[in-house]
Every structure is written in C-alpha cells, then in structure tokens.
Amino acid sequence: MTNNDASRLLAVVNCRQLVTLSGAARPRTGADMRELAIIENGALLVRDGRIERTGKYDEIKSLITPDYEIEDAGGGVVMPGFVDAHAHPVFAGTRVDEYEQRAGGATYQEIRAAGGGILSTVGRTRAASEDELLIAAKRYANWFLRGGTTTIEAKSGYGLTIEDELKMLRVIRRLNDETALRYVPTFLGAHDVPPEYENHAAAYVALIVDEMLPRVLAENLAEYADAFCEDKVFTVEQTRRVLLAARRHNLKLRLHADQLTLGGGACLAAELRATTADHLEHTDADGIEAMRRAGVQPVLLPASVYALGLSRYPAARRMIDAGLAVVLATDFNPGSSPVPSMPMVLSLASTQMKMTCAEAVTACTVNAAYSLNRGHLLGSLEAGKFADFVIHDCRDYREIAYFVGIESTHTVFVRGQCVFAATTTGGESHDRTLSHAT
Ligand code: NIG
Ligand code: FE
C-alpha cells in the first residue's frame, strides 16, 4: 500500500471471517467473552482512518463506489489489532545471561537477591541516552506490529531517578510520534528500590511522591501509575502511599499484584478502585471477590510464568466464572517476559489457563482497550472506531493460537494505513493474494 492520504476510502473485501467483536459498549464478562460477532464472507469500509461500516460483502457491496481503494483479504481472517495492556518496552540491553542461569536452576528471586534482575536493567538504562533507548525500542515496536499488535501500554520503571524516569517517559512519547504503534504511558517509579536507597524504601517512596510524580505530571507524561507490590519489593502500605499520591494527581491506577507471593495486592487494587490488577498468579478467592465488587479488571500475563519456567498460572477460569472482565497481555520486558507476541499469549491462555479461543481474543482486544480507557476507540471493528485491524493468513481465527511459533499476520493497518506487510523468506514481496480465496 503506497497511498498515504489519511482521508482515503478503503474497502477490505474477501474476509472469510471478519471478527468484529461488536457488542455492548463495555468490558465483556461471562458468556459475552465468548461472543466475537464474526461475519462470514465479510467486508469492512474505512473512511478517514475510522471504520465506516462492516457487514456481509453481498449486503454492502453496493456502497463500494469507484472512490474506494480495494484491499483483498484473500479469504483470510480480519480482526482488530491486538491491544497489549501491560508492557515494559523501553530498556537497554538484555538479560539473556539470567535466562540461562534460570535454566541452570536459579530462581527469579535468587537472581534478584544476587544483584541481578530489574536492577541490572536499571543500571544499563540509566547509562543509555534517550536516543539509544529510542533506537532499541523501535526495534521492539516492529516486533509488536508484526505480531498483529497495534496498541501497547508502556511503563517506565528502569530509571528510578527523577531524570531517568522522565527520560523513559519522554522516549515513550517519541515512540508514539515516530512509530506506527500506539503507546499508552504508565509511570512505574515504584518498580523496585534503587541501589542508592537500599534498606531505605520509605525514603524512596517519599521521593516518588514528593518529587517524581509532580514532575511527571508537569510534563504530562503519563496516564496511569503502577507499582510492584511484592515481598521484598514494596509493601502494601508503601504501594498504597504511591498510588494514593498518583490518584491525587489524577493518574489512573494499575498494580503488579500477587505475582510471586500472595501479598494482598489484589485486595489493595480493589480498595483503591484501581483500573487493573496485573499478574495475580497467587491471588485467592478473597482477592477475586474483592476485584469483582470493585470492578477491577485482572490483567493476566501467562508469558511471564512461561518464561520464568514456573508452573503456577493465574486462575483465569475462576475469574471469568466470577464475572471479571479479564484482560491478557504480554508483560514484554527483558527479565520475566521477553515475549512481544500476542499469538503466543493466546496459545498459553488456552493450553495453560483453559480459556476458550474466543475468551482469549476478547481479553486482548476489546477488554484490553477498556482497561486503557480506550474502549470507545479501539478493540473492536465497529463504526466510528479507529481502523486498526489485521489480515491474518488463516481461515479460522483459532489458528492464530493453534499454530505456535509462526506468525499468521499478513498485513497490519493503523488508522486505515498499512504499517506492516509480510514478505516471503526469499525477500520478494509477498503475493498479496492469500491462498484462501473462496
Ligand atoms: O511484570 N514484576 C515486576 N516487573 C516485571 C519484570 C521486570 C523485569 O524483570 O525486568 C514483571 O514481571
Ligand atoms: Fe510487568
């Protein structure tokens, strides 16, 4: 696609399955999570970067005047771009050495206690310039797009000084301007206690509350605040202090909760009316009930369980059955989840957490969009929403997760513009006609 005119008209035709997820304008719960509103042999009309109309091709073909550019989906599956509601996509270096140490039996907590973990990425990220971080993150932006993800949440949290946290958030702002991926910024100053505050977590919390948050807000660099509530990181009381201050600054709240131990994070998220509580591998029935009553959305991150070589996945079935509007995300980061692939997350959701394919798709599209305060703009293919959609090279949307380790993504559109198109391994342009023409 070469036409860069945002005002153009586009008709996407020959969609064997148009997975619209149209439905009530709210996060989906219970049986609604299993209803994807799929249109067989569908077509999608786009005007000015927004969805104009969806329907069966035969019913809307008369609307496709010669002014429309035609995109032939080749009998493939067309669905909304994935919305990844929990990611740490700005960092310097990797932690591939720790990955190998875990293969040798070391745990995430042992590596952290020995001076590795989050703080090793903090050291590298502090040493990197804004431009160096930007270059690294642009590479990851391409990975997200090529996996069919068009929006991600992006956390700071590897700076842990005022200037380094601001540096990360400015990088996120530039990524939003300079890449096709959409970013929703979250301030995660309370990701860990930095080395210069070792054994002085309370003083570091005071720095976050008194100095970091006002600066972040003065530059309007974040929409959400987050904190890592975990044994040997931040206590419930310290986390409450950070998040209450963030809320006073009108930030909405997310929370790393009950990841490695049951520490009361889910209940705290409920108490604070946080938008989300994330991870929840150890959350018990009380935590689930507290989230239900408070309307907190659980964000489940099975790729971090997988990549840490653990076996305790969050209780997704119990959460769905309790009526929670479950979200799935990658948790992409250099330590616990070097996984930018939402298809991989979908696979883990079904194989390890027993979510149906439809529940999993709902969790990382429309429910994820609501968890980022963008349910009115993203996450389903409905008139008026942004035309962020993906043509997948398959005949049935369930194949996106079923075939593992290979991307089904064929073409990715953001606001009606093609931002990624798969190529063959020979380096030639992909034949734009898929093999599924009906
Ligand atoms: O969500 N748990 C805290 N934060 C990340 C890990 C970050 C890292 O290891 O660098 C997580 O798993
Ligand atoms: Fe995380």
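Residues numbered from 1 in each chain as written. Chains lettered and ligands numbered in written order. Predicted model: local features only at pLDDT ≥ 70, side-chain atom pairs only at ≥ 80, totals over all residues. Heavy atoms only, no water.

1. Things to note about the nonpolar core
V326, L328 and M355 are the most contacted members of the largest nonpolar core, which has 109 residues in total. Among the elements that line this core, the one with the most residues is helix α7 (residues 201-218), at nine residues. Per-domain counts for this core show at least three residues from each of domain 1 (3-81 + 379-421) and domain 2 (83-371). Residues within four places of V326 in sequence aside, it is in contact with M33, P298, L300, M319, I320, M355, A363 and N367. One finds L18, I39, A73 and V78 within the second-largest nonpolar core, a separate group that totals 15 residues. (Core = buried A, V, L, I, M, F, W, Y, C linked by side-chain atoms within 4.5 Å. Buried < 20%, exposed > 50% of the residue type's maximum accessible area, 1.4 Å probe, protein only. Helix = DSSP H or I, 4+ residues; strand = E, 2+ residues; numbered from the N terminus. Domains from an automatic or database assignment. Contact = heavy atoms within 4.5 Å.)

2. Concerning the coordination of the iron ion (ligand 2)
Only H86 (NE2), H88 (NE2), H256 (NE2) and D331 (OD) from the protein reach the iron ion (ligand 2) as donors, at distances of 2.1 to 2.3 Å. All donors of the iron ion (ligand 2) come from a single chain, and their spacing in sequence reads H-x1-H-x167-H-x74-D. Accessibility expressed as a relative area gives 2% for H88, which makes it buried. (Donors = N, O, S within 2.8 Å, 3.2 Å for Na, K, Ca; no water.)

3. So, the side chain of E153
By the element assignment, E153 lies in strand β6 (residues 149-155). One polar contact links E153 to K155, side chain to side chain, over a distance of 2.8 Å. Reaching out from E153, the side chain makes a polar contact with the side chain of T186 at a distance of 2.6 Å. Excluding anything up to four places from it in sequence, E153 contacts D84, A85, H86, A87, P89, V184, T186, R254 and L372. (Polar contact = N/O pair within 3.5 Å; in protein donor to acceptor, adjacent residues only side chain to side chain.)

4. Structural notes on the site of ligand 1
Residues in close proximity to ligand 1 total 15 residues, the closest being R95, Y108, Y158, Q259 and S336. Here H191 contributes a side-chain N or O atom positioned 2.8 Å from a nitrogen atom of ligand 1. The separation between an oxygen atom of ligand 1 and a polar side-chain atom of D331 is 2.9 Å. For ligand 1, whose unbound accessible area comes to 330 Å², protein coverage reaches 100%. The residue makeup of the shell around ligand 1, split by class, is four nonpolar, nine polar and two charged. (Near = heavy atom within 4 Å. Areas by Shrake-Rupley, 256 points an atom, 1.4 Å probe, with all protein chains shown as cover. Nonpolar A, V, L, I, M, F, W, Y, C, P; charged D, E, K, R; others polar.)

5. Some details on the packing of helix α5 (residues 130-146) against helix α6 (residues 162-178)
In contact at an axis separation of 10 Å, α5 and α6 are set at 50° when each is read in the N-to-C sense. The orientation of α5 with respect to α6, classified from their angle, is oblique. Note on packing geometry: the crossing formed by α5 with α6 is right-handed. Of the residues in α6, those in contact with E130, D131, L133, L134, A137 and K138 of α5 are K167, R170, V171, R174, L175 and E178. (Axes fitted to C-alpha atoms, helices over the stretch in contact; angles between N-to-C directions. Parallel < 35°, antiparallel > 145°, perpendicular 65-115°, else oblique. Left-handed = near helix turned anticlockwise from the far one by under 90°.)

6. Thoughts on the packing of α7 against helix α8 (residues 236-248)
Contact geometry of α7 with α8 gives a least axis separation of 10 Å together with a crossing angle of 5°. Overall, the two elements α7 and α8 adopt an arrangement that is roughly parallel. Contacts from A201, A202, V205, A206, I208, V209 and L213 in α7 reach Q238, R241, V242, A245 and A246 in α8.

7. Topic: the domain arrangement of the protein
Per the domain assignment, the segments of the protein are domain 1 (3-81 + 379-421) and domain 2 (83-371). Computed over C-alpha atoms, the centres of domain 1 and domain 2 are 29 Å apart. Taken together, the contact between domain 1 and domain 2 spans 30 residues of the former and 32 residues of the latter. Summing both sides of the interface, domain 1 and domain 2 together bury roughly 2700 Å²; the carbon and sulfur share of this comes to 67%. Interface area lost by domain 1 to domain 2 is led by M33, R34 and G81, which between them contribute 21%. Applying the counting criterion to the domain 1 and domain 2 interface returns three salt bridges. Across the pair E407 and R146 runs a salt bridge whose closest N-O atoms are separated by 3.7 Å. For the pair domain 1 and domain 2, the number of links is nine residue pairs in polar contact (both at pLDDT 80 or more). Only β4 (68-80), α16 (399-402), β15 (409-414) and β16 (417-421) provide two or more residues apiece to the side of domain 1 that touches domain 2. (Buried area = accessible area lost by both parts, 1.4 Å probe. Salt bridge = Lys/Arg side-chain N within 4 Å of Asp/Glu carboxyl O.)

8. Remarks on the pairing of β4
Among the 13 residues of β4, 10 are classified as buried, and the element is accordingly described as predominantly covered. In this sheet, β4 lies alongside strand β1 (residues 9-19) in parallel orientation, the contact comprising eight bridges. Bridge pairing in β4 places L18 opposite V78. Here four bridges tie β4 to strand β14 (residues 389-392), and the two strands are oriented antiparallel to one another. (Pairing = 2+ DSSP bridges.)

9. A look at α5
Three or four residues apart is the spacing at which side chains of an α-helix point the same way, because the helix has 3.6 residues per turn. In this model α5 runs 24 Å from its N-terminal to its C-terminal C-alpha over 17 residues, within 8% of the 24 Å that 1.5 Å per residue would give. All buried positions along α5 are accounted for by L133, L134, A137, Y140, A141, F144 and L145. Seen from one end, α5 has its buried residues packed into an arc of 140°, which puts them on one side. Remark: G148 follows α5 within two positions and exhibits a positive phi of approximately 90°. (Expected span 1.5 Å × (residues − 1). Arc of directions from axis to C-beta.)

10. Some thoughts on α8
Look at α8: 18 Å from first C-alpha to last across 13 residues, which is about the 18 Å you get at 1.5 Å a residue. Looking one or two residues beyond α8, the residue adopting positive phi is N250, at roughly 70°.

11. Some points on the packing of aromatic side chains
Tallied over the full model, the rule gives 11 aromatic pairs. Aromatic pair Y204 and F234: ring centres 6.4 Å apart, planes at 25°, arrangement stacked. Taken together, the residues span a long stretch of sequence, with Y204 in helix α7 and F234 in the loop between β8 (224-229) and α8 at a distance of 30 residues. Classification of Y204 as buried rests on a relative accessible area of 0%. Using a relative accessible area of 1% as the deciding quantity, one classes F234 as buried. Note on Y402 and F403: the rings are 4.8 Å apart at their centroids and 65° apart in plane angle, and the pair reads as edge-to-face. Members of the aromatic cluster, joined through ring pairs, are F91, Y140, W143, F144, Y158 and F332. (Phe/Tyr/Trp six-rings, centres within 6.5 Å; stacked < 30°, edge-to-face > 60°.)

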